[in-house]
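Residue-level structural notes
Each chain, written out:
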Amino acid sequence: MGANSPEAIRLDDNDKDNDEEIEAQIADLERRVAEAKSKRRQPTPTSQSASTHPTLFHPPTAPTPASHFLLLLSDSALPLGSFAFSSGLESYLAHQKPPPFPPPPSLPPLPAFATFLPLSLSSHASTTLPFVLAAHRTHHHHHPNTRHPAARLAALDDAQDATLVCTVGRRASIAQGRALLGIWERSFAAEAGMRSGTGAGAGAGQAALREFAGLLRGASSSSSSSSRPGGGRGGDDDDDDDDGGGGDPPAVAAHLAPLFGAVCALVGLGLEQTAYVFLLGHVKALVSAAVRAGVFGPYQAQKTLASGGVRELIAAVIAREWETPVEEAGQNVPVMDLWVGRHEVLYSRIFNS
Amino acid sequence: MNSPFPKSSSTPGEGHVVVRLRPEGVSGLEACSYQYPLKLISPIRASETKSVLVFLLSYGGGLVGGDKVNLRIDVQTGARLHLVTQGHTKVFKSATPDIVTRQTMHVDLAPNAGFCLLPDPVQPYEGSVCEQTQIFKLARNASLCLLDWVTRGRTALGENWSFVRWVGRNEVWTVADDLPAGERLLVRDAVILDRTQCHRQLPTLPDSMHGVGVIGTLVLRGPLMKSVGEFFLAEFAALPRLGARDWRSDDANQAADTPLPPREEWRADRLRMEKESALLWSAANVRGCVVVKFGAPAVEAGRDWIGSMLVHEGSIAQHFGDHALMCVKPT
């Protein structure tokens with residue numbers, strides 16, 4: 001195949017061209033099959049009369065409210081401000097320049113991003129995914145024992161706040177969490193309430209988020225004015241109560257993971273879907289950061305996102321954390337804390353983390 | 001009868017230490033009991049010290065696969081205790097991965113109490129399975145200095161994060177009557193190192209450590225740690241910016257003529273050491289605790305670094321005595 005050139009490089013190129021050609025052919029065939037199938041399914045006016053068989057007539061399936069929200073929550077245009085954060089990628093790249101740690105010999109010379117992505121995803125899942133899952137479970141199953149979903153959400157948020165011990169990571173999580181809470185309140189709540197307003201559970205969930213937002217406002221106004229984590233960039237802009245416990249941290253901080261779980265549950269996303277969208281969002285933010293940092297271009301970015309590798313990896317870390325209680329969440333890539341934490345000491349930065 | 005070895009308690013692996021402030025204003029060992037494989041020694045007469053010193057040891061110098069150690073510590077109002085070890089805490093291989101070696105410490109600090117835990121690092125051997133949980137409950141104005149560090153194993157034998165699993169979890173709680181639940185979690189720092197990789201795309205555990213041979217976390221809280229906590233934050237803020245051009249090289253001769261102030265000279269030395277030993281660290285104020293993280297390829301580089309920081313700052317030695325730093329003293 002394509003062996004009309006003796007040169008190895010040309011051969012490779014031809015192979016690649018060939019592969020692309022085959023891919024294109026496959027895509028074309030698949031499209032044609034799909035077209036044919038859709039024609040077969042389409043009822044012709046003569047064979048089927050809407051008046052005689054009303055139940056047989058299905059208009060093109062409209063997405064359910066849940067899948068509609070799935071698309072919204074997985075959209076890069078969702079204004080969470082994720083683009084402002086590189087989750088340590090920028091710092092990692094800066095630290096790699098003169099490698100502070102010689103790369104382990106067993107590690108194949110992978111491009112930096114290919115090394116970073118799985119580590120970052122794994123670390124992100126081990127520190128935050130249990131909180132997404134727990135919040136979703138709380139807000140989805142309105143068992144009588146979840147009597148105070150707002151209190152449970154606040155407790156999860158507080159535990160997440162205690163678990164993320166890196167300033168830079170906290171800043172990213174809180175900024176995005178607050179943005180999501182804002183989107184929920186201003187944009188989603190009314191519609192989601194109308195759609196799912198049948199069960200008492202959904203109403204309770206809505207009330208819980210409302211109450212949570214109230215707690216956040218209370219916390220922001222009662223704590224010192226400088227405790228707004230999104231704004232500052234110093235190492236001590238979080239809570240300045242380093243005086244032996246005189247001041248306690250605010251009641252809620254609004255981290256992304258628990259709020260994401262709660263919001264997804266309220267708009268009807270399943271638990272697995274929620275976990276998947278949450279982690280895919282992380283990968284998308286990383287890939288977009290890589291493009292902006294000049295690691296690769298937009299086609300390579302989409303190729304990375306489309307790869308079966310990313311899909312499998314997300315599924316694998318979801319399976320790993322499926323049963324992890326939030327009390328056992330933790331950092332499984334300790335150097336990640338160093339890279340993310342040392343984002344503060346970069347000379348020039350294009351990202352907030 | 002005046003044996004330096006305190007009496008043993010009844011349940012295997014259990015230990016209990018109570019420290020109280022004596023009327024004459026010094027801290028005294030009120031109770032100290034332990035059971036195999038745990039061993040506690042308090043060699044210095046309490047009446048001579050501002051803080052009680054207790055050695056945390058184990059028979060055979062390590063934990064054998066499946067050992068359970070459960071230490072409870074009470075530091076009463078205004079009293080101080082510092083805990084040290086003698087050499088790395090080795091964790092030996094478990095016969096099978098489901099045999100978990102557990103080391104648990106539960107520390108209650110009363111108002112104005114102080115506790116300093118600066119041990120040698122834990123060294124989990126190849127095939128070991130270890131979970132360490134340390135829970136600190138601090139009343140108002142209690143002070144805590146906690147160092148938790150773990151190494152890649154016996155480098156001389158080629159070990160490189162070759163254990164099956166290591167979990168190190170540290171929880172710092174604040175306890176007060178006016179809190180809704182009576183207590184609140186401030187920091188939960190957990191490191192989970194597991195050689196089981198859930199997907200082949202993930203790097204192996206040694207690869208994911210990126211050449212680091214020791215990782216450590218230092219947590220500081222309370223009035224006694226205010227100075228040292230601020231010191232770490234200030235030194236972190238003073239780190240040279242990564243990626244900045246170093247214009248100073250031109251002025252090298254000039255710098256030799258004008259001696260730096262002592263702290264800046266020390267800092268310049270330390271920064272050189274950090275660079276040479278490829279040590280990375282960060283510090284952050286998290287919910288009223290200063291959390292310092294560090295990692296270095298060589299264990300001794302990590303020890304030299306943390307020791308240099310704590311010795312130079314000086315307040316730990318001042319509040320607890322020089323012995324508190326014996327495991328981290330630069331070599």
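We now turn to the structure provided with this report. Within every chain, residues take consecutive numbers counted from 1 along the sequence as written. Note on labels: chains are lettered from A, ligands numbered from 1, in written order. Local features in this predicted model are restricted to residues of pLDDT 70 or higher, and side-chain atom pairs are both shown and tallied only at a pLDDT of 80 or more, whereas totals for entire chains, interfaces and linings draw on every residue. Only hydrogens and water are removed before side-chain values are computed, so all heavy atoms of the structure are retained for them.

Turning next to the nonpolar core. Buried residues of nine kinds, namely Ala, Val, Leu, Ile, Met, Phe, Trp, Tyr and Cys, make up a nonpolar core once their side-chain atoms join them within 4.5 Å. The buried label applies to any residue whose accessible area, calculated with a 1.4 Å probe on protein chains only, is under 20% of its type's maximum; exposed applies above 50%, and partly exposed to all values in between. Counting residues in each nonpolar core, the largest one holds 90 residues, and the members touching the most others are Leu73, Leu89, Leu129, Trp184, Leu209 and Leu279 of chain A together with Leu193 of chain B. Under the DSSP-based scheme used, a helix requires at least four consecutive residues in state H or I and a strand at least two consecutive residues in state E, with every element numbered from the N terminus. The element best represented in this core is helix H4 (residues 112-140) of chain A, accounting for 12 residues. Contact between two residues is taken to exist if any of their heavy atoms lie within 4.5 Å; hydrogens are not considered. If we ignore the near neighbours within four places in the chain, the residues touching Trp184 of chain A are Ala189, Ala192, Gln206, Leu209, Val263, Leu266 and Val267 of chain A.

Inspection of the secondary structure assignment puts Thr304 of chain A in helix H10 (residues 298-306). Separated by 2.8 Å, the side chain of Thr304 of chain A and the backbone oxygen of Gln300 of chain A make a polar contact. Between N or O atoms, a polar contact is any pair within 3.5 Å; within protein, one atom must be a potential hydrogen donor and the other a potential acceptor, and residues adjacent in sequence are included only when both atoms are from side chains.

The next thing to look at is the packing of aromatic side chains. Pairing of aromatic rings covers Phe, Tyr and Trp, the last counted by its six-membered ring, and requires centre-to-centre distances within 6.5 Å; plane angles under 30 degrees mean stacked, over 60 mean edge-to-face, and any other angle means tilted. Evaluated as defined, the whole model comprises 17 aromatic pairs over all chains. Between Tyr92 of chain A and Phe116 of chain A the ring centres are 4.8 Å apart and the planes differ by 35°, which places this aromatic pair in the tilted class. Taken together, the residues Tyr92 of chain A in helix H3 (residues 89-96) and Phe116 of chain A in helix H4 connect sequence positions 24 residues apart. The class for Tyr92 of chain A is buried, based on a relative accessible area of 2%. On the accessibility criterion, Phe116 of chain A (0% relative accessible area) is buried. Within the aromatic cluster, the residues linked to one another by ring pairs are Trp149, Phe231, Phe232, Phe236, Trp266, Trp281, Phe294 and Trp305 of chain B. Note on geometry: a ring has a charge over it if NZ (lysine) or CZ (arginine) is within 6 Å of the ring centre and within 35 degrees of the ring normal. Taking NZ or CZ as reference, Lys137 of chain B lies 4.8 Å from the ring centre of Trp173 of chain B, over its face.

A few words now on the sheet that holds strand S6 (residues 68-75) of chain B. All names here are of chain B. Only strands that DSSP links by at least two bridges are regarded as paired with each other. Spatially, S2-S1-S6-S9-S12-S14-S15 is the arrangement adopted by the seven strands of the open sheet, whose pairing is mixed. At either end of the open sheet lies a strand with only one pairing partner, and these are strand S2 (27-34) and strand S15 (183-194). Strand after strand, the sheet turns through a mean of 10° between neighbouring axes, direction not considered. Pairing analysis gives six bridges linking strand S1 (residues 14-21) to S6, with the strands arranged parallel. Across the sheet, residue His16 finds its bridge partner in S6, namely Arg72. Every axis in this analysis is a line fitted to C-alpha atoms, fitted for helices over the stretch in contact. Angles between the N-to-C directions lie between 0 and 180 degrees.

Shape is all these values report; function is a separate question.
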